[in-house]
Amino acid sequence: MLYVILFSVLELGIIVHSVVIGLSLGASESPKTIKPLVVALTFHQFFEGIGLGGCIFQAEFKSLAATIMGACFSITTPFGIVIGILVTSSYKEDSSTALIVEGVLNSASAGILIYMALVDLLSPDFMNPRMQKNKLLQLGSNVSLLLGAGLMSLLAKWA
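Residues numbered from 1 in each chain as written. Predicted model: local features only at pLDDT ≥ 70, side-chain atom pairs only at ≥ 80, totals over all residues. Heavy atoms only, no water.

Caption draft 1: Geometry of the overall build of the protein chain. Helix and strand content of the protein chain: six helices and zero strands. N-terminal to C-terminal, the α/β element order of the protein chain is α-α-α-α-α-α. Oriented by its inertia axes, the alpha-carbon framework of the protein chain measures out at about 60 × 35 × 25 Å. A burial count over the protein chain gives 28% of its 159 residues as buried. Put simply, of all contacts in the protein chain between residues at least 6 apart along the chain, 75% involve residues at least 24 apart. With an accessible surface of roughly 10400 Å², the protein chain has 74% of that area assigned to carbon and sulfur atoms. (Helix = DSSP H or I, 4+ residues; strand = E, 2+ residues; numbered from the N terminus. Buried < 20%, exposed > 50% of the residue type's maximum accessible area, 1.4 Å probe, protein only. Contact = heavy atoms within 4.5 Å. Areas by Shrake-Rupley, 256 points an atom, 1.4 Å probe, with all protein chains shown as cover.)

And the structure:
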């Protein structure tokens with residue numbers, strides 16, 4: 001039951017995040033902005049989908065619930081892109097209202113995702129007795145974690 005609640009909250013954070021990044025892409029008008037965003041989103045959504053799929057599997061959701069969660073994940077970014085395209089004419093990227101709304105949505109989804117990643121997804125793995133007893137496994141896991149975070153930060157900087 002705990003996994004069901006945890007991963008439902010994770011799904012909510014991912015959905016809000018996906019709509020916001022889709023909105024950003026849909027509202028973009030410059031090809032110089034769109035091309036890097038598409039590349040970054042492709043990698044980002046791919047790894048996010050793999051992580052979410054693993055979580056859905058671990059929580060042992062029933063087939064219908066897993067299908068609905070997968071479908072929601074699949075349609076949220078395109079939904080955000082459509083909204084972004086529709087509001088492009090009235091959307092002023094530098095207006096204070098747009099910046100506040102985007103900032104609040106980004107910070108809410110980022111907060112949920114960071115909390116879920118650190119507290120609910122990573123900590124059980126790093127606190128596992130097998131991990132605690134094996135220093136080489138700890139080193140490899142920490143290096144992999146930092147390398148992954150660094151590469152995602154580099155990708156974010158590039159986009």
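Caption draft 2: Expanded view of unusual backbone geometry. One non-glycine residue with positive phi stands out, namely Glu-60, at about 55 degrees. When you line up the elements, Glu-60 lands in the loop between helix H2 (31–59) and helix H3 (63–87).

Caption draft 3: Quick peek at a nonpolar patch on the surface. A contiguous nonpolar patch, built from Val-39, Phe-43, Phe-46, Phe-47, Ile-50 and Met-152 and spanning about 560 Å² of accessible area, is present on the exposed surface. Ranked by the residues each element gives to the nonpolar patch, the list is headed by H2, at five residues. Position of Phe-43 among the secondary structure elements: in helix H2. (Patch = residues over 30% accessible without salt bridge, like charges linked within 9 Å, V, L, I, M, F, W, Y side chains within 5 Å. Salt bridge = Lys/Arg side-chain N within 4 Å of Asp/Glu carboxyl O.)

Caption draft 4: Examining the packing of aromatic side chains more closely. Taken as a whole and assessed by the stated rule, the structure comprises one aromatic pair. On the basis of an interplanar angle of 70 degrees and a centroid distance of 5.1 Å, the ring pair of Phe-46 and Phe-47 is categorised as edge-to-face. (Phe/Tyr/Trp six-rings, centres within 6.5 Å; stacked < 30°, edge-to-face > 60°.)

Caption draft 5: Geometry of the packing of H2 against H3. Contact geometry for H2 and H3: axes closest at 11 Å, N-to-C directions at 165 degrees. If you check the angle between H2 and H3, you find them roughly antiparallel. In terms of crossing hand, the pair formed by H2 and H3 is right-handed. Of the residues in H3, those touching H2 at Gln-45, Glu-48, Gly-49, Leu-52 and Ile-56 are Ala-66, Met-69, Phe-73 and Thr-77. Of the residues assigned to the contact of H2 with H3, the class counts are five nonpolar, three polar and one charged. (Axes fitted to C-alpha atoms, helices over the stretch in contact; angles between N-to-C directions. Parallel < 35°, antiparallel > 145°, perpendicular 65-115°, else oblique. Left-handed = near helix turned anticlockwise from the far one by under 90°. Nonpolar A, V, L, I, M, F, W, Y, C, P; charged D, E, K, R; others polar.)

Caption draft 6: The nonpolar core, seen in detail. Counting residues in each nonpolar core, the largest one holds 13 residues, and the members touching the most others are Phe-7, Leu-10, Ile-14, Leu-52, Ile-56 and Phe-61. Residues contacting Leu-10, with those up to four places away along its chain left out, are Leu-52, Cys-55, Leu-113, Met-116 and Leu-121. (Core = buried A, V, L, I, M, F, W, Y, C linked by side-chain atoms within 4.5 Å.)

Caption draft 7: Quick look at helix H4 (residues 96–126). An ideal rise of 1.5 Å per residue puts 45 Å on 31 residues; H4 measures up with 42 Å between its terminal C-alpha atoms. Of all the bends in H4, the greatest measures close to 35 degrees and is centred on Ala-117. (Expected span 1.5 Å × (residues − 1). Bend = angle between axes of the 7 residues up to and from the residue.)

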